[in-house]
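Residue-level structure breakdown
Next come the chains, spelled out residue by residue.
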Amino acid sequence: MKTLDDQLALEREMLTLGSDRVRLLSNRRKQGQMESLSKWGEALTAHGIDQIVIHLRAIRKKIEKGVAGKSFALLSPITHLPPQQVAACALRTIIDSLSACPTLHSVAMDVADKLWIETMLDRATKDELIKFKRGRNRKAHQMAAIRHMQWTDNWQAKEKMASGVFLIELVAKETGLIEIVMDHSYKPARRVVKPTDQCMAWINDVKAQQELMTPNYLPTVIEPRPWPNGGYYKLPLKLMKSNDELVGKNSKGDEPFIKAANIHQSVPWIVNTWMLEQVLHAYDNNLEIGCLFPREGWPVPPYPKHLEEDDPGVYRWRKRAKQIHEKNDKTKGARIGQAKTLWVARRFKDEEEFYFPMSLDFRGRYYYRPPYLNPQGNDVSRSLLLFANGTPIKTEEDADWLRVHGANLYGLGKSDWQTRIDWVHQREQLIMGAGNDPWLNAEFWMRADKPWAFLAFCREYQQFKKLSDIDRINGMGKFLCHLPIMLDCTCSGIQHYAALLRSEDMGRSVNLISSDRPQDIYSQVMTRVLEKLRESDDPRARCWLMLEPDRSLAKPCVMTSPYSATSTAFYYYCYDWAQKRSKDMFAGKTWTTQRGAMSTMHFMAQILHRETTALISPAVKAMEWFRKLGRLAGKDNIPLEWTTPSGLLVHQEYKDTKQTRIRLKYLSDVHMDIRTNIDQDSLDSGRMANALSPNVVHSFDSSHMSFATIRAMMNGVQNIGGVHDCFATTPSEMSKLRDAVRQSFSDMYAEDWFTAVTTQLTQQIDRKDELPPKPELGDLDLTSVQTSNYFIT
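A short tour of the structure in this document, coming up.

Thresholds, definitions, all that
Residues numbered from 1 in each chain as written. Predicted model: local features only at pLDDT ≥ 70, side-chain atom pairs only at ≥ 80, totals over all residues. Heavy atoms only, no water. Helix = DSSP H or I, 4+ residues; strand = E, 2+ residues; numbered from the N terminus. Buried < 20%, exposed > 50% of the residue type's maximum accessible area, 1.4 Å probe, protein only. Contact = heavy atoms within 4.5 Å. Areas by Shrake-Rupley, 256 points an atom, 1.4 Å probe, with all protein chains shown as cover. Pairing = 2+ DSSP bridges. Axes fitted to C-alpha atoms, helices over the stretch in contact; angles between N-to-C directions. Arc of directions from axis to C-beta. Polar contact = N/O pair within 3.5 Å; in protein donor to acceptor, adjacent residues only side chain to side chain. Patch = residues over 30% accessible without salt bridge, like charges linked within 9 Å, V, L, I, M, F, W, Y side chains within 5 Å. Salt bridge = Lys/Arg side-chain N within 4 Å of Asp/Glu carboxyl O. Phe/Tyr/Trp six-rings, centres within 6.5 Å; stacked < 30°, edge-to-face > 60°. Core = buried A, V, L, I, M, F, W, Y, C linked by side-chain atoms within 4.5 Å. Parallel < 35°, antiparallel > 145°, perpendicular 65-115°, else oblique. Nonpolar A, V, L, I, M, F, W, Y, C, P; charged D, E, K, R; others polar. Left-handed = near helix turned anticlockwise from the far one by under 90°. Expected span 1.5 Å × (residues − 1).

**Structural notes on the overall build of the protein**
Helix and strand counts for the protein come out as 31 helices and 13 strands. Every one of the 793 residues in the protein was classed for burial, and the buried ones make up 53%. The long-range fraction of contacts in the protein, counting pairs at least 24 apart against all pairs at least 6 apart in sequence, stands at 74%. Put simply, the protein shows about 37,800 Å² of open surface, and 50% of that area lies on carbon and sulfur atoms.

**Describing the sheet that holds strand E13 (residues 726–729)**
Reading across from one edge, E9-E13-E12 is the order of the three strands in this open sheet, with antiparallel pairing throughout. At either margin of the open sheet sits one strand with a lone partner, and together these are strand E9 (485–488) and strand E12 (721–723). In this sheet, neighbouring strand axes are inclined to one another by 20° on average, regardless of whether the strands run parallel or antiparallel. For E9 and E13, the ladder comprises four bridges, and the chain directions are antiparallel. Paired with Asp488 across the two strands is Cys726, which belongs to E13. Against the sheet, helix H29 (residues 685–714) engages E12 and E13, with an angle of about 20° to E13.

**Section: helix H31 (residues 753–762)**
Among the residues of H31, Trp753, Phe754, Val757, Thr758, Leu761 and Thr762 are the ones counted as buried. All buried residues of H31 lie within an arc of 160° about the axis, which places them on one face of the element. Buried residues belonging to H31 abut helix H21 (492–501), helix H28 (617–635), strand E10 (640–643), H29 and helix H30 (734–748). The N-cap residue of H31 is Asp752: its side-chain oxygen and the backbone nitrogen of Phe754 are 3.5 Å apart.

**Side note on a nonpolar patch on the surface**
A cluster of nonpolar side chains, Met546, Met585 and Phe586, forms an exposed patch at the surface whose accessible area comes to about 230 Å². Structurally, the position occupied by Phe586 is in helix H26 (residues 567–586). For Phe586, a relative accessible area of 33% puts it in the partly exposed group.

**Some thoughts on the packing of aromatic side chains**
By the definition in use, this model includes 32 aromatic pairs. With a centroid separation of 5.7 Å and an interplanar angle of 85°, the aromatic rings of Phe354 and Phe356 are classed as edge-to-face. The same class applies to Phe354 and to Phe356, which are both buried. Aromatic side chains Tyr410 and Trp423 sit 4.8 Å apart centroid to centroid with 40° between the ring planes, which places their arrangement in the tilted category. Linking Tyr410 in helix H16 (residues 396–410) with Trp423 in helix H17 (residues 417–426), this pair joins segments that are 13 residues apart in sequence. Trp423 carries the same exposure label as Tyr410, and that label is buried. Here a set of aromatic residues connected by ring pairs shows up, and it is made of Tyr410, Trp423, Phe444, Phe454, Phe457, Tyr461, Phe464 and Phe479.

**With respect to the nonpolar core**
Trp452, Phe454, Phe457, Tyr497, Trp544 and Leu608 are the most contacted members of the largest nonpolar core, which totals 171 residues. Sort the elements by how many residues they give to this core and H29 lands first, with ten residues. Sequence-distant contacts of Phe457, defined by excluding residues within four places in its chain, comprise Leu402, Arg403, His405, Gly406, Leu409, Val424, Ile431 and Leu483. In terms of nonpolar packing, the next biggest core, distinct from the first, is built from 48 residues, Ile59, Ile63, Ile117 and Val165 among them.

**With respect to the pattern of salt bridges**
A complete count under the given rule lists 29 salt bridges for this structure. Where Lys114 meets Asp110, a salt bridge forms, and the shortest distance between an N and an O atom there is 3.4 Å. Within this pair, Lys114 and its partner Asp110 are both found in helix H5 (residues 104–123), separated by four residues, close to a single helical turn. For Arg403, the salt bridge identified is with Asp400, shortest N-O distance 2.7 Å. One end of the pair is Arg403 and the other is Asp400, both in helix H16 and three residues apart, which spans about a single turn. Of the two residues, Arg403 and Asp400, neither departs from the other in class, the shared state being buried. Residues joined in a network through salt bridges with shared partners are Lys2, Glu13, Arg347 and Glu351.

**Notes on the packing of helix H24 (residues 539–546) against helix H27 (residues 597–615)**
Two numbers describe how H24 lies on H27: the axes approach to 10 Å, and their chain directions differ by 85°. Taken as axis vectors, H24 and H27 run roughly perpendicular relative to one another. For the pair formed by H24 and H27, the contact residues are Arg540, Ala541, Cys543 and Trp544 on the first element and Ser599, Thr600, Met601, Phe603 and Met604 on the second. Tallied by class, the residues present in the contact of H24 with H27 amount to six nonpolar, two polar and one charged.

**Some remarks on the pairing of E13**
Side chains of E13 alternate between two faces, with Cys726 and Ala728 and Phe727 and Thr729 buried alike. By the bridge criterion, three bridges tie E12 to E13 in an arrangement that is antiparallel. In the strand pairing of E13, Gly721 is matched with Ala728. A loop of two residues connects E12 with E13, the two strands running antiparallel in sequence, and His724 in this loop sits at a positive phi of about 65°.

**A few points about unusual backbone geometry**
Here Trp227 and Pro228 are connected by a cis peptide whose omega angle stands at 20°. In this structure, Pro228 sits in the loop between helix H9 (197–213) and helix H10 (244–249). Notably, Asn286 is not glycine yet its phi reads approximately 60°, a positive angle. Secondary-structure assignment places Asn286 in the loop between helix H12 (273–284) and helix H13 (312–330). Its identity is not glycine, yet Asn637 carries a phi of approximately 55°, on the positive side.

**Here's the deal with the environment of Pro302**
Position of Pro302 among the secondary structure elements: in the loop between H12 and H13. You can call Pro302 exposed: its relative accessible area is 68%. Sequence-wise, Pro302 and Trp317 are 15 residues apart; in three dimensions their C-alpha atoms are separated by 8.6 Å.

**Details of the packing of H28 against H29**
Orientation of H28 relative to H29, taken along the N-to-C sense of each, is 140°, at an axis distance of 7 Å. The orientation of H28 relative to H29 falls into the category oblique. The handedness of the crossing between H28 and H29 is right-handed. Residue-level contacts link Met623, Phe626, Arg627, Leu629, Gly630, Arg631, Ala633, Gly634 and Lys635 of H28 to Ser685, Gly686, Met688, Ala689, Asn690, Leu692, Ser693 and Val696 of H29. Taken together, the residues of the contact of H28 with H29 break down into eight nonpolar, six polar and three charged.

**Let's talk about helix H8 (residues 157–175)**
Given a rise of 1.5 Å per residue, 19 residues ought to cover 27 Å, and the 27 Å separating the end C-alpha atoms of H8 matches this to within 8%. One or two residues past the end of H8 sits Gly176, with phi positive at roughly 70°.

**Digging into the pairing of E10**
Where burial is concerned, the two faces of E10 differ: the one with Leu640 and Trp642 is buried and the one with Glu641 and Thr643 is not. Across four bridges, the pairing between E10 and strand E11 (residues 649–652) is antiparallel. Directly across from Glu641, in E11, lies its bridge partner His651. The antiparallel hairpin formed by E10 and E11 contains five residues in its connecting segment, where Gly647 sits at a positive phi of about 90°.

See below:
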């Protein structure tokens, strides 16, 4: 058994790993002259920008009026962009050069070059910007592309130098971050730009603090400290990712959301060493299986040297090579993440047990704090974890829960229970073969929706059947099952809206009412959509029918509808689905890549949005009410608060940063997020409006997780994990957990929470008379959830 000393040693290792990571990133930024992207660089960039902008505006007015001044005739480059952009460009460029202690001449030219690029890109047309972003990353190619743009002009060398020096002197004078001094180590002596002593002291303090405050969080080898002052033993960790102080002031420490967090983080886990061997085999052999990408990326085919330069085959090779390079670049982050996942798995594979400290977001949703390898990770991550305390499979019902889990992972999650159980019985030999030697039976398990988690099931089932077959009389009950099996709530967002509004029609569609077969709201929506397509004379309808749409197209749309997804979001879901289906059915050679495809995508998105909202119309009315209230609160700068059933105070406050954001097209991959004091305290009414409904639903979803966790523990369930609306335990404990999930949902909504939360919110705003009428409640009896056969499926 591990001791506190072992845990403290591990936490020191986490600090060392975090410190090494901070230094590595710092060195990379220093080498790439991107230090302004660091935390201290962002802070320095924002420092003093207001005064610089004021001076730039004053100088600009004088130049435009023709007032005489030092070098005014050469400072026209600083007048082409808004002062905020000029200041941001100068500050970023100067901070990127601080470590090198460069000469004034080189920094001035660098500032002028970056300012020229920003100015030319600001003039560029939309098509030119798209081509520029799609082009090569080398600076020489980018500069060449800019010179060929329609509105590009050149600045004289004198103009560049004068503008660069002027901006450097302005930054030095107004911020105190840098100074221009004579460096006599050069022969002859030169002026150099260097950070001031105060600036360097501040940077070093920030770096040291960052190294201490950014540990590489790993699982603990002993049970974490309980909340509210819990988590690790020496490392800094907050229960709430934000609003931690506010929640601390308004909680006693015994609320359900805190109790549930302590239960989750007290569950011990182990690494599935057999699965780790299989994943490493695929990883080391550069295989792509499910969400596991090739370790080294996808290889580029060799250049066809036997063909002439203008041969069509060379063009096809270049096009294919570009696609592969873009795919490798796009998945680089994911491939780094999977390498880290496997590193953590190897690091903890010999531990008898380990734990995952918990944290919550401001809505109360639960997250395992250690990243990469955790029960909320992707398919690979989940397949590598087992409960440390296995429970015996004693009855045929326990074994059936294991079978249901396997069928769910393969893709039968919407069939009835018996169909799933029979499916496993019928494929028992294939399952046991995969569990015995996966690489001789790869074709079977790789076709699963979740291939790695399904392979973990195959291994567990093979071991269970092997013991049962050896001892047919006493085999049942001897096998200790450590595998987490999962059941998922049916479209939980709509489940919560149906319960809040007591809507019987919505409740029936999402299994709040018991039925012989599971109700599938995704299929219901798709049935209505297909009827509209078949009745339509629009040629775009025939394009979609050619792809044979099914519930997989409707699922992401319906799932996100309770979270205020718009028809624009539906368009992107349709686009992604159509591209994938076209590739699978017709090798991508369909209308999806031809002219007019965008219009066809919008056509389907509008139908999907219309049919989805028609099916959940009570929820749509409630979302409109929340949206209106959120917008009024945002316009009046009123943050909103409500208390969830689990006792958490939720605080929603989205600052309006649009007016304080400086956008640079070249110096940043996204935007320069430099904040000034202009309207900093105002709220973003759009975000306040759009976020209120999903935040309310998420807060009730997290409350349900809290109550279900506590009730399950009271019922004797010792192994429990979860991903928001998905619950995991061992097969022999699943019946108890399932009952706890259903009972806790029914008990929670025994109270009229829609009236309670809307009353809390309405009391906080002044313009109550501008709110539309609240949706009326239905007659749904929520005690029906207690016996609903497919509420969690």
